[in-house]
Amino acid sequence: MPKRSYFQDIAGVLGSNVFTLLTNFGLVILLSRLLGTDGYGLYTALIVVPTLVVSFFQMGIRPTTVFLIGSGREDENNLVSAMLTILIFTSVLGVIFSAAAYALIGTKGYTPALLAMALTTIPMRLTTIYAGGVFLGKEEIPKANMMNWLTGLFTLLLAVAMVYFLKLGLFGAVASLLMGNTVVALLAISMLLRRFKTRLSVKNPLILKMLGTGVVYALSFLTIQFNYRIDVVLLKVLSVPREVGIYSLGVSVAEMLWQIPLAIGVVVMSRSANATDKNMLNQSTARLLRISLIAGIIISAAIVLFSPLLVPLIFGTEYLPSVRVMQTIMPGIIMIIAFRVLSGQLAGAGRPDAALKAFAPALLVNVVLNYLWIPGYGANGAVMATNVSYTLASVIYLFVFSRISGMPVKEIFRFGKEDWSFVKRFIDRKKKPESRIEH
């Protein structure tokens, strides 16, 4: 049984995510202002390749590790040893595939140093992702949180030093990203080596088991990430850097809506891997989804209303076209909330195939619509394609979740007073220690 309540775990992950969000938001403000629309567009297009490659070469090891550790079926030392061995191979392959991708889509505007730094972020990011799976499997969520917010903090501080003070431009932006990820990766490795007895060996039988389980996770996660980021790649190919910068800024701000469902999804995945009462888990997940949707609609309304005032004030008048991107993409962003919450339960239960069934057809639609709409509408065409893709994927996933969990769709969306009872329970828990002190 977990030592903390759902609310405590969600609050912890949300706090970490919000802090990371603020540091990332600060980074976006800093880079968008100092690099300009063209420079920021080049930065975004450069890092999107490692982001997509990392999505695949995670190989589903993080959720697989959560599932296997949570189930208690395997020796933890052997599991971590197998995970670290896989990390070495996936890091090498990830760098090779990213280099090939850069050669395919073109490297105009980038120096060899920029490309080398972008490629080196791959093993660093994979290290923190893999290590996070160990801590989530042990339901030690605060440790997984720490690696999340530390990366954002270090990257921002380094960017301030290298881009703002040292005036290193695009080079400084990429270097700060690499260095921030490297520091946290080294910390993660040291935490694992102090705790577990590890032995790197290709003969470890758990390697094939983890890869066999993880390949479906990897395919599903890659498909999801392609849905989120393929528009940036296609904008780079079919349009100009300015359109990439405008689109990337608008989407980055809009995706702030995902912090609540992201926090919930992480906790649900960790709990699902250790759950015995599936009906109670279904009810809790559905309740958290309903709360997330209400919160998402409120926040989206605020973004739609205030973005015309805040965007030119914070980012500068050259980013005014991003306002339309933020406002137009809101329906798709809200739709994805359902997937973000529900996917945590099925991922923790070892069913990554559900996401693949939903996002594979959505990805195809997304690519086709981007090719049709970007040449004529630029960033706004990419937004319209994203809305259609997100909506299609979320609707399909909802029905897949209903079938697998045995919970009817109408029950998932049955709002009630109990949805908000966790607030009262949390307040009551906070009052009890005070009562004991008074007596």
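Residues numbered from 1 in each chain as written. Predicted model: local features only at pLDDT ≥ 70, side-chain atom pairs only at ≥ 80, totals over all residues. Heavy atoms only, no water.

Turning next to the overall build of the protein chain. Within the protein chain one finds 15 helices and zero strands. A total of 439 residues make up the protein chain; the buried ones form 54% of that total. Expressed as a percentage of contacts within the protein chain between residues at least 6 apart in sequence, the contacts between residues at least 24 apart total 85%. Surface exposure of the protein chain reaches about 19000 Å², of which carbon and sulfur atoms provide 69%. (Helix = DSSP H or I, 4+ residues; strand = E, 2+ residues; numbered from the N terminus. Buried < 20%, exposed > 50% of the residue type's maximum accessible area, 1.4 Å probe, protein only. Contact = heavy atoms within 4.5 Å. Areas by Shrake-Rupley, 256 points an atom, 1.4 Å probe, with all protein chains shown as cover.)

In this section: the packing of helix α4 (residues 112-137) against helix α6 (residues 169-195). Following both chains from N to C, one finds α4 and α6 inclined at 30 degrees, their axes separated by 8 Å at the closest point. One way to sum up the angle between α4 and α6 is to call them roughly parallel. Remark: the crossing between α4 and α6 carries left-handed chirality. Split into classes, the residues belonging to the contact of α4 with α6 amount to 20 nonpolar, six polar and two charged. (Axes fitted to C-alpha atoms, helices over the stretch in contact; angles between N-to-C directions. Parallel < 35°, antiparallel > 145°, perpendicular 65-115°, else oblique. Left-handed = near helix turned anticlockwise from the far one by under 90°. Nonpolar A, V, L, I, M, F, W, Y, C, P; charged D, E, K, R; others polar.)

Under the defined criterion, the tally for this structure stands at seven salt bridges. Across the pair K209 and E74 runs a salt bridge, and its minimum N-O distance is 2.5 Å. One end of the pair, K209, is in helix α7 (residues 206-238); the other, E74, is in the loop between α2 (61-71) and α3 (76-105), and 135 residues separate them in sequence. A relative accessible area of 37% places K209 in the partly exposed class. Taking the shortest distance from any N to any O, the salt bridge between E76 and K138 comes out at 2.8 Å. Within this pair, whereas E76 is found in helix α3, its partner K138 is found in the loop between α4 and α5 (141-165), the two being separated by 62 residues in sequence. The class of E76 is partly exposed, set by a relative accessible area of 26%. In this structure K138 comes out as partly exposed when scored by relative accessible area, which is 29%. Overlapping salt bridges bring together E140, K143 and R195 as one network. (Salt bridge = Lys/Arg side-chain N within 4 Å of Asp/Glu carboxyl O.)

With that settled, consider the nonpolar core. Counting 128 residues, the largest nonpolar core has Y43, M83, Y130, Y247 and Y397 as the members making the most contacts within it. Among the elements that line this core, the one with the most residues is helix α1 (residues 6-57), at 18 residues. When neighbours within four sequence positions are excluded, Y397 is seen to be in contact with F339, L342, S343, L346, A354, A355 and A358. (Core = buried A, V, L, I, M, F, W, Y, C linked by side-chain atoms within 4.5 Å.)

In this section: the side chain of T121. Note on placement: T121 falls in helix α4. If we ignore the near neighbours within four places in the chain, the residues touching T121 are P50, L177 and L178.

A surface patch of nonpolar side chains, amounting to about 780 Å² of accessible area, comprises I88, F89, V92, L93, I96, F97, L200 and V202. Checked against the element boundaries, L200 lands in the loop between α6 and α7. (Patch = residues over 30% accessible without salt bridge, like charges linked within 9 Å, V, L, I, M, F, W, Y side chains within 5 Å.)

Another point: the layout of surface pockets. Approximately 330 Å³ is the volume found for the second largest pocket. Along its surface, the second largest pocket is lined by 14 residues, and V49, L52, V53, A101 and F226 are the ones closest to its centre. Residue assignment for the lining of the second largest pocket shows that the elements contributing at least two residues are α1, α3 and α7. The residue inventory of the lining of the second largest pocket, partitioned by class, reads 14 nonpolar, no polar and no charged. (1 Å grid on protein atoms, 1.4 Å probe; cavity = no way out; pocket = protein on both sides within 12 Å on 5 of 7 lines; lining within 4 Å. Points joined across faces, edges and corners; volume = space filled by probe spheres on them.)

With that settled, the discussion passes to the packing of aromatic side chains. Evaluated as defined, the whole model comprises 10 aromatic pairs. Between the aromatic rings of Y228 and F359, the centroid separation amounts to 6.4 Å while the plane-to-plane angle is 85 degrees, which identifies the pairing as edge-to-face. One end of the pair, Y228, is in helix α7; the other, F359, is in helix α12 (residues 353-377), with 131 residues separating them in the sequence. For the pair Y228 and F359, a shared accessibility class is recorded, and that class is buried. For the pair Y228 and Y390, a centre-to-centre distance of 5.6 Å together with 85 degrees between the ring planes defines the contact as edge-to-face. A residue pair is termed long-range when its members are at least 10 positions apart, and Y228 in helix α7 and Y390 in helix α13 (residues 379-405) qualify at 162 residues. The exposure class of Y390 is buried, given its relative accessible area of 1%. It is K167 that lies over the ring of Y164; its NZ or CZ is 5.2 Å from the centre. (Phe/Tyr/Trp six-rings, centres within 6.5 Å; stacked < 30°, edge-to-face > 60°. Lys NZ or Arg CZ within 6 Å of the ring centre and 35° of its normal.)

The next thing to look at is the environment of P321. Tracing the sequence through the fold places P321 in helix α11 (residues 321-348). In this view, P321 contacts R242 and I246; residues no more than four positions away in its chain are not counted.

What follows covers the side chain of S98. Residue placement: S98 occurs in helix α3. S98 has contacts with V49, P50, V53, L119 and I122, leaving out every residue within four places of it along the chain.

Looking now at the confidence of the model for the protein chain. Across the protein chain, the average pLDDT comes to 86, with 88% of residues at or above 70. Here helix α15 (residues 421-438) is the element of the protein chain with the lowest mean pLDDT, 52, and α6 is the one with the highest, 97. Within the model, the stretch residues 434-439 combines pLDDT values under 50 with zero contacts to residues more than four positions away or in other chains. (pLDDT = per-residue confidence, 0-100.)

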